[in-house]
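The primary structure of each chain is shown beneath.
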Amino acid sequence: MELLEKTQSALAELFPEIAPALAPEGEGGQETPPRQAGVLATDPAKHGSHLDVLCGPDQVVAVARLMDREGYFLEAISGVDWPDKQQLEVLYDYNRLGGPHCRVMVRTFVPRGEPNVPSIASVFPAADWHERETFDFYGVHFQDHPNLIRILLPEDADFHPLLKDFMP
């Protein structure tokens, strides 16, 4: 698949030498060694994406620019709370239609106590609502977001209901 290889090669150029162990161990209940930042080809039938990219928070904008340049669109942004690791995972789903179909999952991890990630709304304007929803439910602050206010919860809400330690 030429598109998959081209995308994988372009993404791999962003990660020449990156420190290991950004991902928490034991995802999915299994003990796994920490994964290094970079690009993995995956089985879309098993994982839902063709490529899985792990990057640092400081790289999400560069990855977004590359995905835009390669003709991808942003499908979703969401989060996962890993309280045992004191981390939040921010997930970006990219897709490409109108030719060879290719889905790319980009993930980054931030400290649970300081969940800051640069906004990609300047690259993908549709990220505006996705980032606001992730802020609402997980408390992730998207730096330089043009309007990071509550989108679904009341403006005065002082909680993030998808954090695993949230108690109503």
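In the block above lies the structure referred to throughout.
Residues numbered from 1 in each chain as written. Predicted model: local features only at pLDDT ≥ 70, side-chain atom pairs only at ≥ 80, totals over all residues. Heavy atoms only, no water.

Caption draft 1: Focus on unusual backbone geometry. Backbone geometry places glutamine 86, a non-glycine residue, at a positive phi of 55°. Its place among the elements puts glutamine 86 in the loop between strand E3 (73–82) and strand E4 (87–96). Despite not being glycine, aspartate 144 has its phi angle at roughly 70°, a positive value. Position of aspartate 144 relative to the elements: it lies in the segment after strand E7 (141–143). Relative accessible area serves as the criterion here: at 77%, aspartate 144 is assigned to the exposed category. (Helix = DSSP H or I, 4+ residues; strand = E, 2+ residues; numbered from the N terminus. Buried < 20%, exposed > 50% of the residue type's maximum accessible area, 1.4 Å probe, protein only.)

Caption draft 2: A look at the pattern of salt bridges. Applying the stated criterion across every chain yields a total of nine salt bridges. In this structure, aspartate 128 and arginine 132 form a salt bridge, with 3.8 Å as the shortest nitrogen-oxygen distance. Here aspartate 128 pairs with arginine 132, and both are found in helix H4 (residues 127–138), just four residues apart, close to one helical turn. Among the residues examined, arginine 132 registers a relative accessible area of 11% and is labelled buried. Several salt bridges converge on common partners, so that one network encompasses Lys6, Arg69 and Glu70. (Salt bridge = Lys/Arg side-chain N within 4 Å of Asp/Glu carboxyl O.)

Caption draft 3: Local environment of H4. Helix length check: H4, at 12 residues, gives a terminal C-alpha distance of 16 Å against a target of 16 Å (1.5 Å per residue), a fit within 8%. The element H4 is extensively covered by neighbouring structure, given that nine of its 12 residues are classed as buried. At its buried positions, H4 is contacted by E3, E4, strand E6 (116–118) and E7. Positive backbone phi, approximately 80°, marks glycine 139, located one or two places after H4. (Expected span 1.5 Å × (residues − 1). Contact = heavy atoms within 4.5 Å.)

Caption draft 4: Local environment of the sheet that holds strand E1 (residues 38–41). Within the open sheet, the five strands sit side by side as E1-E2-E5-E4-E3. Their pairing is mixed. The outermost strands of the open sheet, each flanked by one partner alone, are E1 and E3. Each strand axis lies, on average, 20° off the axis of its neighbour in the sheet, ignoring direction. Taken together, the nine bridges between E3 and E4 define a ladder with antiparallel strand orientation. Residue pairing across strands places phenylalanine 73 opposite asparagine 95, the latter belonging to E4. Where H4 meets the sheet, it contacts E3 and E4, and its direction lies at approximately 10° from that of E3. (Pairing = 2+ DSSP bridges. Axes fitted to C-alpha atoms, helices over the stretch in contact; angles between N-to-C directions.)

Caption draft 5: Up close: helix H1 (residues 2–12). Along H1, the residues that are buried comprise Leu3, Leu4, Thr7, Ala10 and Leu11. All buried residues of H1 project into a common sector of 135° when viewed along the axis, lining one side. Facing away from the buried side of H1, by more than 90 degrees, are the exposed residues Glu2, Glu5 and Lys6. In this structure, the buried residues of H1 make contact with E1, strand E2 (51–54), helix H3 (60–69), E4 and strand E5 (102–111). (Arc of directions from axis to C-beta.)

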